[in-house]
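If you want the building blocks of each chain, they are given just below.
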Amino acid sequence: MSRSAHPAGPSHGHILADVEAVAVPEDLSSLNPRIWPINADRVNGELVVAGIPATRLVAEHGTPVFVLDTEDVRARARNYAAAFEGGDVFYAGKAFLSTAVAALIAEEGLGIDVCSGGELAIALRAGVAPDRIAYHGNNKSTAELRYAVQTGVGRIVVDSELEINRLADLAADEGVRPRVLVRVTVGVEAHTHEFIATAHEDQKFGFSLASGAAHAAVAHVLARPEIELVGLHSHIGSQIFDTAGFEVAAHRVVGLLADIRTRHGIELAEIDLGGGLGIAYVEGDDPQRPADIAARLRAIIEVECGLAGIATPRLSVEPGRAIIGPSMVTLYEVGTVKPIALDGGVQRNYVSVDGGMSDNIRTALYDAEYTVTLANRSSTAGPQLSRVVGKHCESGDIVVRNCWLPSDVQPGDLLAVAATGAYCYAMASNYNRIPRPPVVAATDGQAQLIVRRETLEQVMATDVGWDAGSTAPVISRATGKVSA
Ligand SMILES: Cc1ncc(COP(=O)(O)O)c(C=O)c1O
Ligand SMILES: N[C@@H](CCCC[NH3+])C(=O)O
């Protein structure tokens, strides 16, 4: 995530600041282990993931292609499970969800956080135990809630007064008593992009603690015996490095637990502090270790519960990006290279690849930063200021805003963009009618397709045309009325 906003229009100062923002690397072919998957390496100059050369992956699966280092994602999942032992880790499937990934993450002992009927269906199809699933969302439909209740989802995180009634009515209908967490907006301003911060007051998620809405929601759930209140939930945002926000959130959630004991005479057994932990996308990003975060949060909760005289609740978290983000890379093929002269005598090469904002919208949406490397070979050519752009009909279709690539990058070369596991495939679209790329799992020299490339036929299948002979509705210019 870029730490400074970009001014709206280009100016001399803007361009120079942009250029200075990325230091020229000493070695263009080096792979910072904080940014790349643990099994990413160079062999004879070529990028290799889990023993499989980039050129082989591309020969078998084409470009663009997402490549998952399965050992990397397993290790991250295991690390989280160990760090939060005694509580639960729910992998946030919104970051990336497929049956293969859900299954291997569940094998490592994690539950899954879903936020739609579609994500729930994938988790269930993967064989995840329903009681290991937590279901989120500010606007779950009645059908989605019924599906969750009928399949025995372990936790439903309620997010509005309307939903509390809707869920309680449904539960009565179905004759089951779902376990519920109340999502609390704790009022922490997380240091991240505005679009992915979620605990400030003026946004759509949760019940505000400051306004008293959270207290009212708790009282409401307790007044509906058809559902069982088991705890509180807070999520302050995403791609956060500064753990102070989580600590303040923990402090406030425990404060609410204590209030609930005073007002209602009950002690809730669980708190879930959500996801949001940042990962390294570029040099200088310095994520926290899960064990350190867990220790700090536990310490706060224990001390505060001790002071309040309440039992320490079970602590859960919901990391998405921190589990899957660094485990995947995207391979693209270069199609064109266009040198552009900038103010101040600087040249920037626009390196166009065969994907773009349809497989990675994060740069356009959040000003996100990425690291890229030449993947099919290494080069002795000098560094050239470059911008990796996609093939979409949009000038904001940028994958990597500022980077240094060898000056001899040419059509046919492969580029690898690191840390694309989270919110890239998950937010992929068919913009400009481009089919979504496949996802390939790489393990010990074996590549296995886990998500197929979409075909153009599939992309076009939803377009049913229209019957020119039928009387389609027409809007009258004179009256503005619709006539059949
Ligand atoms: C409720 C909730 N839990 C978990 C996550 C996962 O966040 P991240 O991928 O940043 O860990 C999100 C997304 O921000 C979320 O909204
Ligand atoms: N989609 C966002 C994160 C939002 C997380 C979901 N609440 C990103 O790419 O960073």
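Being a predicted model, the structure only gives us computed values, none of them experimental.

Undergrad: Give a detailed account of the overall build of the protein, specifying residues and quantitative values.
TA: Across its full length, the protein carries 13 helices and 23 strands. The C-alpha radius of gyration computed for the protein amounts to 24 Å, which stays within 12% of the reference 23 Å derived for 484 residues, consistent with globular compactness. Each principal axis of the C-alpha distribution contributes one length, and for the protein these read about 70 × 65 × 50 Å. A total of 484 residues make up the protein; the buried ones form 51% of that total. Within the protein, residue pairs in contact and separated by at least 24 positions form 71% of the contacts whose partners lie at least 6 positions apart.

Undergrad: Can you lay out helix 10 (residues 290-308) for me, pointing to particular residues and giving the numbers?
TA: Compared with an ideal rise of 1.5 Å per residue, which puts 19 residues at 27 Å, helix 10 spans 27 Å between its outermost C-alpha atoms and is within 8% of the ideal. Of the residues flanking the end of helix 10, it is Gly-309, one or two places downstream, whose phi is positive at about 70°.

Undergrad: Before we move on, can you summarise the sheet that holds strand 3 (residues 52-53) with the specific residues and values?
TA: Strand order in the open sheet formed by three strands is 1-2-3, with antiparallel pairing between adjacent strands. Of all strands in the sheet, those bounded by a partner on one side alone are strand 1 (40-43) and strand 3. Pairing analysis gives two bridges linking strand 2 (residues 46-49) to strand 3, with the strands arranged antiparallel. In the strand pairing of strand 3, Val-48 is matched with Pro-53.

Undergrad: Before we move on, could you go through the side chain of His-136 and cite the residues and values that matter?
TA: Within the fold, His-136 resides in the loop between strand 7 (133-135) and helix 6 (142-151). Only 2.6 Å separates the side chain of His-136 from the side chain of Glu-318, close enough to count as a polar contact. Once residues lying within four places of it in the same chain are set aside, the contact partners of His-136 are Asp-113, Val-114, Cys-115, Val-157, Arg-183, His-233 and Glu-318.

Undergrad: Requested: an account of the site of ligand 1, with residues and values cited.
TA: Within the structure, ligand 1 sits among 15 residues, and His-235, Ser-238, Gly-276, Glu-318 and Tyr-423 are positioned closest to it. Between ligand 1 and His-235, the relevant distance is 2.7 Å, taken from an oxygen atom to a side-chain nitrogen or oxygen of the residue. The backbone of Gly-276 places a nitrogen or oxygen atom 2.8 Å from an oxygen atom of ligand 1. Against a free-state accessible area of 390 Å², the protein chains account for coverage of 92% of ligand 1. Looking at side-chain class alone, the shell around ligand 1 contains three nonpolar, seven polar and five charged residues.

Undergrad: Break down the nonpolar core for me, citing the residues and quoting the values.
TA: Of all hydrophobic cores here, the largest spans 128 residues; its most connected members are Leu-47, Tyr-91, Val-182, Leu-232, Ile-324 and Leu-331. Broken down by element, this core gets its largest block of residues, nine residues, from helix 9 (residues 244-264). The residues touching Val-182, leaving out its near neighbours within four places in the chain, are Val-158, Phe-207, Ala-217, Val-218, Val-221, Leu-229, Gly-231, Leu-232 and His-233. Of all hydrophobic cores here, the second largest spans five residues; its members include Leu-28, Val-346, Leu-385 and Trp-404.

Undergrad: A description of the pattern of salt bridges should follow, citing residues and the corresponding values.
TA: Under the criterion given, the structure shown has 22 salt bridges. A salt bridge links Glu-174 to Arg-146, with the shortest nitrogen-to-oxygen separation between them at 2.6 Å. Here Arg-146 lies in helix 6 and Glu-174 lies in helix 7 (residues 161-174), a separation of 28 residues in the sequence. On the accessibility criterion, Arg-146 (27% relative accessible area) is partly exposed. Bridged by salt links that share partners, the residues Arg-74, Arg-78, Glu-107 and Glu-108 form one connected network.

Undergrad: Any details on the UniProt feature "modified residue: N6-(pyridoxal phosphate)lysine" (unreviewed entry) in the protein? Residues and values, ideally.
TA: Within the UniProt annotation, "modified residue: N6-(pyridoxal phosphate)lysine" (unreviewed entry) is assigned to Lys-94. Within the element layout of this structure, Lys-94 appears in the loop between strand 5 (88-92) and helix 4 (99-107). Once you skip the residues sitting within four places of it in the chain, Lys-94 turns out to touch Asp-113, Cys-115, Glu-119, Tyr-423 and Ala-426.

Undergrad: Lay out the packing of aromatic side chains in plain terms, naming residues and giving numbers.
TA: Aromatic rings considered in pairs are described by the distance between their centres and by the relative angle of their planes. A complete count under the given rule lists four aromatic pairs for this structure. For the pair Tyr-80 and Phe-84, a centre-to-centre distance of 6.1 Å together with 5° between the ring planes defines the contact as stacked. By relative accessible area, Phe-84 is classed as buried at 1%. Taking 5.8 Å as the distance between ring centres and 70° as the angle between the ring planes, the aromatic pair formed by Phe-96 and Tyr-425 counts as edge-to-face. In this pair, Phe-96 is assigned in the loop between strand 5 and helix 4 and Tyr-425 in the loop between strand 19 (414-418) and strand 20 (439-443), connecting sequence segments 329 residues apart. Per residue, the accessibility class of Phe-96 equals that of Tyr-425, and both read buried. Put simply, the rings of Phe-66, Phe-96 and Tyr-425 pair up and form one aromatic cluster. A cation over an aromatic ring shows up here: Lys-140 above the ring of Tyr-135, its NZ or CZ 5.9 Å from the ring centre.

Undergrad: How would you summarise the pairing of strand 11 (residues 228-233) if you had to cite specific residues and measurements?
TA: Among the six residues in strand 11, five count as buried, and that is most of the element. Here strand 11 runs beside strand 12 (residues 270-272); their pairing, made up of three bridges, is parallel. Residue pairing in the sheet places Gly-231 in a bridge with Glu-270 of strand 12. Between the parallel pair strand 11 and strand 12, the chain is carried across by helix 9, and the sense of this crossover is right-handed.

Criteria and cut-off values
- Residues numbered from 1 in each chain as written.
- Chains lettered and ligands numbered in written order.
- Predicted model: local features only at pLDDT ≥ 70, side-chain atom pairs only at ≥ 80, totals over all residues.
- Heavy atoms only, no water.
- Helix = DSSP H or I, 4+ residues; strand = E, 2+ residues; numbered from the N terminus.
- Rg over C-alpha atoms; globule rule 2.2 N^0.38 Å.
- Buried < 20%, exposed > 50% of the residue type's maximum accessible area, 1.4 Å probe, protein only.
- Contact = heavy atoms within 4.5 Å.
- Expected span 1.5 Å × (residues − 1).
- Pairing = 2+ DSSP bridges.
- Polar contact = N/O pair within 3.5 Å; in protein donor to acceptor, adjacent residues only side chain to side chain.
- Near = heavy atom within 4 Å.
- Areas by Shrake-Rupley, 256 points an atom, 1.4 Å probe, with all protein chains shown as cover.
- Nonpolar A, V, L, I, M, F, W, Y, C, P; charged D, E, K, R; others polar.
- Core = buried A, V, L, I, M, F, W, Y, C linked by side-chain atoms within 4.5 Å.
- Salt bridge = Lys/Arg side-chain N within 4 Å of Asp/Glu carboxyl O.
- UniProt positions renumbered as here; feature names shortened; annotations may be inferred.
- Phe/Tyr/Trp six-rings, centres within 6.5 Å; stacked < 30°, edge-to-face > 60°.
- Lys NZ or Arg CZ within 6 Å of the ring centre and 35° of its normal.
- Right-handed = clockwise from strand over helix to strand, strands pointing away.

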